[in-house]
Amino acid sequence: MEATLNFEEKDWLACCGSTKFAKEMASASPFSSLDQAVSAARDIWFNKVDVNGWLEAFAAHPQIGQSSAPAAASHAASEWSKGEQSTAISTASTSILQELADWNARYRQKFGFIFLIFASGRSSGEILVELKKRYENRPIVEFEIAAQEQMKVTELRLAKLFATATRSAATEDRVSIIGGHFTPTPEASSGKPSQEVPTRTRPPITTHILDVSRGSPAAGVEVLLEMWHGAQPRPSFGGRGDVGGWVYQGSSKTNTDGRSGQLTSIVDAVKPGIYRISFNTGEYNPSGFFPYVSIVFEIRESQKLEHFHVPLLVSPFSFSTYRGS
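Residues numbered from 1 in each chain as written. Predicted model: local features only at pLDDT ≥ 70, side-chain atom pairs only at ≥ 80, totals over all residues. Heavy atoms only, no water.

A short note on the overall build of the protein
Stated precisely, the cut-off is as follows: Here a strand is any run of E in DSSP of at least two residues, a helix any run of H or I of at least four, and the numbering for each starts at the N terminus. Buried residues are those whose accessible area, probed at 1.4 Å on protein chains only, stays under 20% of the maximum for their type, while exposed residues exceed 50% and partly exposed ones sit between those limits. Note on contacts: a residue pair is in contact if any heavy atoms of the two residues lie within 4.5 Å. Areas reported here follow the Shrake-Rupley algorithm with a probe of radius 1.4 Å; residue values treat only the protein chains shown as occluding.
What the protein contains, in helices and strands, is eleven helices and eight strands. The buried share of the protein, taken over its 325 residues, is 42%. Counting only contacts in the protein whose residues sit at least 6 apart along the sequence, the fraction spanning at least 24 positions is 68%. Working note: accessible area of the protein is about 17300 Å², and carbon and sulfur atoms make up 55% of it.

Some words on the sheet that holds strand β6 (residues 293-299)
Two strands in a sheet stick together by hydrogen bonds in their backbones, pointing the same way (parallel) or opposite ways (antiparallel). Cut-off, in case you're wondering: Two strands are counted as paired when DSSP detects at least two bridges linking them. Here the axes come from fitting lines to C-alpha atoms, over the contacting stretch only for helices, and the angles between their N-to-C directions go from 0 to 180 degrees.
Spatially, β4-β3-β5-β6 is the arrangement adopted by the four strands of the open sheet, whose pairing is antiparallel. Among the strands making up the open sheet, the edge pair consists of β4 (246-253) and β6. Averaged over all pairs of adjacent strands, the angle between strand axes in this sheet comes to 20 degrees, irrespective of strand direction. As defined by bridge partners, strand β3 (residues 222-228) adjoins strand β5 (residues 273-279) across five bridges and the pair is classed as antiparallel. Its bridge partner being in β5, M227 is matched across the sheet by Y275.

A word on the side chain of E149
Rule in force here: Polar contact criterion, stated in full: a pair of N or O atoms within 3.5 Å, where within protein one must be able to donate a hydrogen and the other to accept it, and residues adjacent in sequence count only if both atoms are side-chain atoms.
Here E149 shows up in helix α9 (residues 139-180). Under the relative-accessibility criterion, E149 is labelled buried at 8%. For E149, the side chain forms a polar contact with the side chain of K152, separated by 2.5 Å.

Some remarks on helix α3 (residues 34-47)
Helical periodicity: at 3.6 residues per turn, an α-helix aligns residues three or four positions apart in one direction. Where we set the bar: One less than the residue count of a helix, multiplied by 1.5 Å, gives the span that helix is expected to have. It is the directions from the helix axis to the C-beta atoms whose arc is reported.
In this model, α3 (14 residues) spans 20 Å end to end at C-alpha, consistent with the 20 Å of a helix rising 1.5 Å per residue. Among all positions of α3, only L34, A37, V38, A40, A41, I44 and W45 are buried. All buried residues of α3 fall inside an arc of 165 degrees around its axis, so they share one side.

With respect to the pairing of β6
A one-sided burial pattern is seen for β6, the buried positions being V293, I295, F297 and I299 and the unburied ones S294, V296 and E298. Relative to β6, β5 runs antiparallel, the two sharing seven bridges. Its bridge partner lying in β6, I274 is registered against E298.

Describing the packing of aromatic side chains
Quick note on the threshold: Think of it this way: a Phe, Tyr or Trp ring, Trp meaning its six-membered ring, pairs with another when their centres are within 6.5 Å, and the plane angle makes it stacked under 30 degrees, edge-to-face over 60, tilted otherwise.
Inspection of every chain in the model, using the stated rule, returns 18 aromatic pairs. Plain terms: the ring middles of F7 and W12 are 5.3 Å apart, the flat faces sit at 80 degrees to each other, and that makes the pair edge-to-face. Accessibility classification places F7 together with W12 in one group, the buried group. A centroid spacing of 5.8 Å and a plane angle of 80 degrees characterise the contact between F58 and F143, whose relative ring orientation is edge-to-face. Of this pair, F58 sits in helix α4 (residues 51-59) while F143 sits in helix α9; the two residues are 85 residues apart in sequence, bridging distant segments of the chain.

As for the packing of helix α7 (residues 94-111) against helix α8 (residues 124-135)
Packed helices, taken two at a time, are described by the angle between their axes plus the distance between the axes. We apply this condition: Orientation categories follow fixed angle ranges, with anything under 35 degrees roughly parallel, anything over 145 roughly antiparallel, 65 to 115 roughly perpendicular, and all other angles oblique. Here is the rule for handedness: rotate from the far helix to the near one, and if that takes an anticlockwise turn smaller than a right angle the crossing is left-handed, while a clockwise turn gives right-handed.
Contact geometry for α7 and α8: axes closest at 10 Å, N-to-C directions at 25 degrees. Judged on the interaxial angle alone, α8 and α7 are roughly parallel. In terms of crossing hand, the pair formed by α7 and α8 is left-handed. Taking contact as the criterion, the partners of I96, E99, L100, W103, N104, R106, Y107, K110 and F111 in α7 are, on α8, S124, I127, L128, L131, K132, R134 and Y135.

Remarks on α7
Given a rise of 1.5 Å per residue, 18 residues ought to cover 26 Å, and the 26 Å separating the end C-alpha atoms of α7 matches this to within 8%. When we look at burial in α7, the residues that qualify are L100, W103, N104, Y107 and F111. Each buried residue of α7 sits inside an arc of 115 degrees when the element is viewed along its axis, so together they form one side. Facing away from the buried side of α7 by over 90 degrees, the exposed positions are T94, S95 and Q109. Just past α7, the residue G112 takes up positive phi, approximately 90 degrees.

Digging into the environment of H309
Positionally, H309 belongs in strand β7 (residues 308-315). Considering only alpha carbons, one finds H309 and T206, 103 residues apart in sequence, at a separation of 4.8 Å.

Quick word on the state of the cysteines
Selection rule: By disulfide we mean two sulfur atoms from cysteines, separated by a distance within 2.5 Å.
In this structure the tally under the stated criterion is zero disulfides. Just so you know, C15 is unpaired, no disulfide at all, and the nearest cysteine sulfur is the one on C16, 8.4 Å from it. Judged by its relative accessible area of 0%, C15 is buried. A relative accessible area of 1% means that C16 is categorised as buried.

Some points on the side chain of S252
Structurally, the position occupied by S252 is in strand β4. Given a relative accessible area of 16%, S252 falls into the buried group. With residues near it in sequence (within four places) discarded, S252 still touches V221, E222, V223, S260, G261, Q262 and L263.

Pasting the structure below:
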């Protein structure tokens, strides 16, 4: 069974700037997994947080095109905001930043709150196009869309919060293990070897997919896992000479929560090597830009007992991913 992770109210507030949301999450915790926390967060955000709570959360974000968060935002929220807008800021010219500022002002005057969008991995040009498009919406429609975008941001931040906590816990575990080498165990004292062997409680490689254009998990997407067994030690960039080098490990389709089933058997240790996970995005969205998406990653000898989670954020014309815990 996975260990529970306890967070304070301020941690939940950094993920979503609504005090009602933070209090409800604190009351519902601790959570044994990120999945459990995300499920609770969705229920709280859409069923327990009122209109004022939504507006409070919106106001905790910096305006698109500005890297500085509101003064009331926590250090963690401010740093996350910078990261989420990093692509937009780095791809923005002076003229686009000015146009974003102008349209942000028009948007706020019409709707009464800042323009909110899941900005991670999106260019300033993409965001400006979406801002102009959404400006035409009726207020009630746009308010609901903004709430959906806030939930996407919250889920991303929850993943970061859990990843940070998991790494911290893993470090503490390693320190305890090292310390244990200096403390004789009952088995060592008796001269009998221990028979206990660590086992996994979940598959070593997992994934889930969020459709950011719909604001919901992407269900029914085929996911394929392969491992490199070619004549060369590593696959080459561009795929030259790679024919027949990838060996099937397992496949699955995402469920209604956008999560894949078992891609490989639960094992005590993952075989070190280079893996490729592919997503059949073309079948999921035939009119989209990507017929499929593949991500290649390497698991090293020192990482064979770790868990690798590869979330994918997709829209018709873009995708992004980050390494989960």
